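Descriptive structure summary
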Amino acid sequence: MPGRLNGKVCVVTGAGSGIGRATALRFAEEGARVLCADINVVSAEGTAQLATMAGGVAKSREVDVSDSTAVDAMIEDAVSTFGSLDVLVNNAGVNIPGVLHEVSDDVIERTLAVNVKGQIYGCRAAIPHMLASGQGSIINVSSVNGIVSEPFLAIYSASKGASVMLTKGVALDYAKQGIRCNVVCPGWVDTPINYAHAEMLGGLEHVYATIDSFQPIGRPGEPSEIANVILFLASDEASFMTGSVVAVDGGMTSQ
Ligand SMILES: NC(=O)c1ccc[n+]([C@@H]2O[C@H](COP(=O)([O-])OP(=O)(O)OC[C@H]3O[C@@H](n4cnc5c(N)ncnc54)[C@H](O)[C@@H]3O)[C@@H](O)[C@H]2O)c1
């Protein structure tokens, strides 16, 4: 059985943990060649090793997606290592919750630099290679907070709303040139990015004990459950999808 991403060259940012790690592993299982990039190069290397042990082809590298030069170098690394670029997953993100009128400039700047500029830089660097080959798939990882907000997440929500609109803009601009761009909006998934927010809501144990009050499925999502949707969007099975906003949220935004 050929894999669903056989031979495709894929870059995943934030690949050292959570959704990014699960996505890189799923891609490798489906025959992709994966560049696993993260600001934490040790964890990115851990993902690449797991992918390789599972029979895939993967390489790690350090990137801070808020640095446009570093993002350009990441994309060039994928192309020079593997020969082309087919898929980019702009997944790296930060979530620094706070009461809006108490939030520092640093928090505002870091959130927008990583979550918004990071995705813009990724798209800008990837698109010339996709134009050259006449095809490509970009998946931006936003959040349910790109659609609805929650207490203490005004800045994060602003950044994730921008991700949704970036996706639509890219989708429109390149629809006739074979480049698809879609965005996934996960609900509450069991990863470290949520720990600070959980503390503000009364602790992770409390959040999980009461999760059906906001996530109707009644449990946190698993990173693999988001990765499976990203895999579909990356693959040719999603050939008629571009500009789509795909909630993967256990029903959260149905309320
Ligand atoms: N976990 C959730 O409930 C949830 C829900 C909605 C959206 N998301 C989004 O999913 C994405 C992945 O988050 P996760 O849940 O896997 O969290 P995570 O904390 O497990 O992983 C985030 C990864 O991003 C990396 N990273 C952070 N800043 C970076 C930077 N500047 N450059 C490169 N890498 C950087 C971290 O080192 C980490 O490996 C994020 O964009 C997040 O906003 C998560």
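Refer to the structure printed above.
Residues numbered from 1 in each chain as written. Predicted model: local features only at pLDDT ≥ 70, side-chain atom pairs only at ≥ 80, totals over all residues. Heavy atoms only, no water.

Let's talk about the site of the ligand
Inclusion rule: Nearness here has a simple test: a residue counts as near a molecule or strand if at least one of its heavy atoms is within 4 Å of that partner. The term polar contact refers here to a pair of N or O atoms within 3.5 Å; inside protein, the definition further demands a hydrogen-donor-capable atom paired with an acceptor-capable atom, and it admits residues adjacent in sequence only when both atoms are side-chain atoms. Areas reported here follow the Shrake-Rupley algorithm with a probe of radius 1.4 Å; residue values treat only the protein chains shown as occluding. Charged means Asp, Glu, Lys or Arg here, nonpolar means Ala, Val, Leu, Ile, Met, Phe, Trp, Tyr, Cys or Pro, and polar covers whatever is left, Gly included.
Lining the immediate environment of the ligand, one finds 29 residues, of which Ser 17, Asp 38, Tyr 156, Val 189 and Thr 191 sit closest. At 2.6 Å from an oxygen atom of the ligand is found a side-chain nitrogen or oxygen belonging to Tyr 156. At 3.2 Å, a backbone N or O of Gly 187 approaches an oxygen atom of the ligand. About the coverage of the ligand: the protein hides 92% of its 830 Å² of free accessible area. The residue makeup of the shell around the ligand, split by class, is 14 nonpolar, eleven polar and four charged.

Remarks on unusual backbone geometry
Counted only if it meets this: Helix numbering and strand numbering both begin at the N terminus, where a helix is a DSSP run of H or I of at least 4 residues and a strand a DSSP run of E of at least 2.
Although it is not a glycine, Phe 152 adopts a positive phi angle of roughly 75°. Mapped onto the elements of the fold, Phe 152 is located in the loop between strand E5 (136–141) and helix H5 (154–174).

Some points on the sheet that holds strand E1 (residues 9–13)
Our working definition: When DSSP locates at least two bridges between a pair of strands, those strands are taken to pair. Here an axis means a line fitted to C-alpha atoms, over the contact stretch when the element is a helix, while the angle between two N-to-C directions is reported on a 0 to 180 degree scale.
Taken in spatial order, the seven strands make up an open sheet running E3-E2-E1-E4-E5-E6-E7, and their pairing is parallel. Each edge of the sheet is formed by a strand with only one pairing partner; in this case those strands are strand E3 (57–62) and strand E7 (245–248). With direction set aside, neighbouring strand axes in the sheet form an average angle of 20°. Alignment of E1 against strand E4 (residues 87–90), held across three bridges, turns out to be parallel. Within the sheet, the bridge partner assigned to Val 11 lies in E4 and is Leu 88.

Some thoughts on the packing of helix H3 (residues 68–82) against helix H4 (residues 105–133)
Cut-off, in case you're wondering: Rotating anticlockwise by less than a right angle from the far helix to the near helix defines a left-handed crossing, while the corresponding clockwise rotation defines a right-handed one. Contacts between residues were defined by any pair of non-hydrogen atoms, one from each residue, lying within 4.5 Å.
Across the interface, H3 lies against H4 with an axial gap of 9 Å and an inter-helix angle of 35°. The element H3 and its partner H4 pack so that their crossing is right-handed. Contact residues: H3 offers Ser 68, Val 71, Asp 72, Ile 75, Glu 76 and Val 79, while H4 offers Tyr 121, Gly 122, Arg 124, Ala 125, Ala 126 and His 129. In the contact of H3 with H4, the residues fall into six nonpolar, three polar and three charged.

Overview of the side chain of Asp 249
To keep it simple, the criterion reads: For every residue, the accessible area obtained with a 1.4 Å probe (protein chains only) is divided by the maximum for its type, and the residue is called buried under 20%, exposed over 50%, and partly exposed between those limits. The convention is simple: Lys and Arg are positive, Asp and Glu are negative, and His and the chain ends are not counted. One speaks of a salt bridge when a side-chain nitrogen belonging to Lys or Arg is within 4 Å of a carboxyl oxygen belonging to Asp or Glu.
With respect to the helices and strands, the residue Asp 249 is situated in the segment after E7. An unpaired buried charge is present at Asp 249: no salt bridge exists, and Arg 219, the closest side chain of opposite charge, is 11 Å distant. A distance of 2.5 Å separates polar atoms of two side chains, one belonging to Asp 249 and the other to Thr 253.

Notes on the pairing of E4
Threshold: Classification remark: right-handed applies to a crossover when, strands pointing away from the viewer, the course from the first strand over the helix to the second runs clockwise.
Judged by which residues are buried, E4 turns out to be covered on both faces: Val 87 and Val 89 on one side and Leu 88 and Asn 90 on the other are all buried. Pairing of E4 with E5 involves four bridges; the strand directions are parallel. If you follow Leu 88 over to E5, its bridge partner there is Ile 138. Chirality of the crossover, the property in question, places the unit of E4, H4 and E5 among those that are right-handed.

Digging into the pattern of salt bridges
With the rule as written, the count across this model stands at eight salt bridges. Between Asp 77 and Lys 59 there is a salt bridge whose closest N-O contact spans 2.6 Å. In this pair, Asp 77 is assigned in helix H3 and Lys 59 in strand E3, connecting sequence segments 18 residues apart. The network of salt bridges with shared partners includes Arg 26, Glu 29 and Glu 30.

So, the nonpolar core
The following threshold applies: Only buried residues count toward a nonpolar core, which is a set of Ala, Val, Leu, Ile, Met, Phe, Trp, Tyr and Cys residues joined through side-chain atoms within 4.5 Å.
Core analysis: the biggest nonpolar cluster contains 28 residues, and Val 11, Met 74, Ile 75 and Ile 138 have the highest contact counts within it. Put simply, the parts of the chain that give this core at least two residues each are E1, strand E2 (33–38), H3, H4, H5 and strand E6 (179–186). Excluding anything up to four places from it in sequence, Val 11 contacts Leu 35, Met 74, Ile 75, Ala 78, Leu 85, Val 87, Leu 88 and Val 89. If you look at the next biggest cluster of nonpolar residues, it comprises 27 residues, including Phe 27, Val 34, Ala 48 and Val 87.

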